[in-house]
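Okay, here's what each chain looks like letter by letter:
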Amino acid sequence: MKQIDFRNDILPLKDVLYRLALRITLDSAEAEDIVQETMLKLWNRRDRWDEIDSIEAFAMTICRNLALDHQKRADSQHASLDEVETLLSTPNTQSPTPFDHTVAHDRIEIVRQIIDTLPEKQRTCVQLRDIEEKPYKEIAAILDITEEQVKVNIFRARQTIRQRFAEMENFRVTST
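Cut-offs and rules
- Residues numbered from 1 in each chain as written.
- Predicted model: local features only at pLDDT ≥ 70, side-chain atom pairs only at ≥ 80, totals over all residues.
- Heavy atoms only, no water.
- Helix = DSSP H or I, 4+ residues; strand = E, 2+ residues; numbered from the N terminus.
- Buried < 20%, exposed > 50% of the residue type's maximum accessible area, 1.4 Å probe, protein only.
- Salt bridge = Lys/Arg side-chain N within 4 Å of Asp/Glu carboxyl O.
- Axes fitted to C-alpha atoms, helices over the stretch in contact; angles between N-to-C directions.
- Parallel < 35°, antiparallel > 145°, perpendicular 65-115°, else oblique.
- Left-handed = near helix turned anticlockwise from the far one by under 90°.
- Contact = heavy atoms within 4.5 Å.
- Nonpolar A, V, L, I, M, F, W, Y, C, P; charged D, E, K, R; others polar.
- Core = buried A, V, L, I, M, F, W, Y, C linked by side-chain atoms within 4.5 Å.
- Patch = residues over 30% accessible without salt bridge, like charges linked within 9 Å, V, L, I, M, F, W, Y side chains within 5 Å.
- Areas by Shrake-Rupley, 256 points an atom, 1.4 Å probe, with all protein chains shown as cover.
- Lys, Arg positive; Asp, Glu negative; His and termini not counted.
- Charge placed at Lys NZ, Arg CZ, Asp CG, Glu CD.

Phi is positive for L26, close to 60°, though the residue is something other than glycine. Residue placement: L26 occurs in the loop between α2 (14–25) and α3 (28–44). Relative accessible area serves as the criterion here: at 2%, L26 is assigned to the buried category. Not every positive phi belongs to a glycine, and E133 is a case in point at roughly 60°.

Attention shifts here to the pattern of salt bridges. Throughout the structure, instances matching the rule amount to eight salt bridges. For R19, the salt bridge is made with E132, and the minimal N-O distance between the two is 2.8 Å. Of this pair, R19 sits in helix α2 while E132 sits in the loop between α7 (120–131) and α8 (136–143), and the two are 113 residues apart along the sequence. Between K151 and E148 there is a salt bridge whose closest N-O contact spans 4.0 Å. Here E148 and K151 lie together in helix α9 (residues 147–175), a separation of three residues that amounts to about one turn.

As a further point, take the packing of helix α4 (residues 55–73) against α8. Interaxial distance between α4 and α8 falls to 8 Å at its minimum, and their mutual angle equals 45°. Judged on the interaxial angle alone, α8 and α4 are oblique. Pair α4 / α8 crosses with right-handed handedness. Contacts between α4 and α8 pair E56, A57, M60, T61 and R64 from the former with E138, A141, I142 and L143 from the latter. A breakdown of the residues in the contact of α4 with α8 according to their chemical character gives five nonpolar, one polar and three charged.

Structurally, the position occupied by V152 is in helix α9. Since its relative accessible area comes to 33%, V152 is described here as partly exposed.

Among the nonpolar cores identified, the biggest contains 35 residues, and I10, L17, L42, I55, M60, C125 and V150 are the most heavily contacted of them. Looking at this core, the elements with two or more residues in it are α2, α3, α4, α7, α8 and α9. Among the elements that line this core, the one with the most residues is α4, at nine residues. Setting aside chain neighbours within four positions, we find I10 in contact with I4, D5, M39, L42, W49 and I55. Listed in part, the seven residues of the second largest apolar core include I110, I114, V126 and A157.

On the surface, a cluster of negative charge is made up of E32, D33, E37 and D69. Ranked by the residues each element gives to the negative patch, the list is headed by α3, at three residues. For D69, the position within the fold is in helix α4.

Okay, α8 next. Residues E138, I139, A140, I142 and L143 constitute the buried set of α8. In the stretch just after α8, D144 is the one whose phi turns positive, near 60°.

The next subject is the packing of α4 against α7. Where α4 meets α7, the axes come as close as 13 Å, and the angle between the chain directions of the two elements is 145°. With respect to the hand of their crossing, α4 and α7 are arranged in right-handed fashion. When α4 is examined against α7, the residues M60, R64 and L68 are found in contact with a partner set consisting of E120, K121, T124 and L128.

Here it is in structure tokens:
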């Protein structure tokens, strides 16, 4: 069993935890609070770190549960995901024109809005798989569901995203 060090093993997880909390709460300040609370919970359980198989999965489970608890208490959702654009944008081999940049930004915004409307479990699965690039097994452990359920949630989420994106693109083309 590996000796776990807070500075080297847990503290670097803060960005991943932030993105997970942000995906659930859709509020930057709320996500920061949840990450801080997650770190405190992890620190307070430091005497049991040796018993944990994956400290990352454990941390993400705590973060997810705290985010869901905060979300249940919140009356409304806030839509602010500034970091998603940089996570979803991919480098282009040709230098993009300002028009290309604007079109790409608009499409990312549309996808972001569609993801925000997905059911929580689908939204979290997509976040962990497509943005955080976690394996199915780890996502299943974090969400406490089977790998098959993870695959089904991701399939349904992607299907919904494709369908709604196509509908929005068709609407934009026909209305111009």
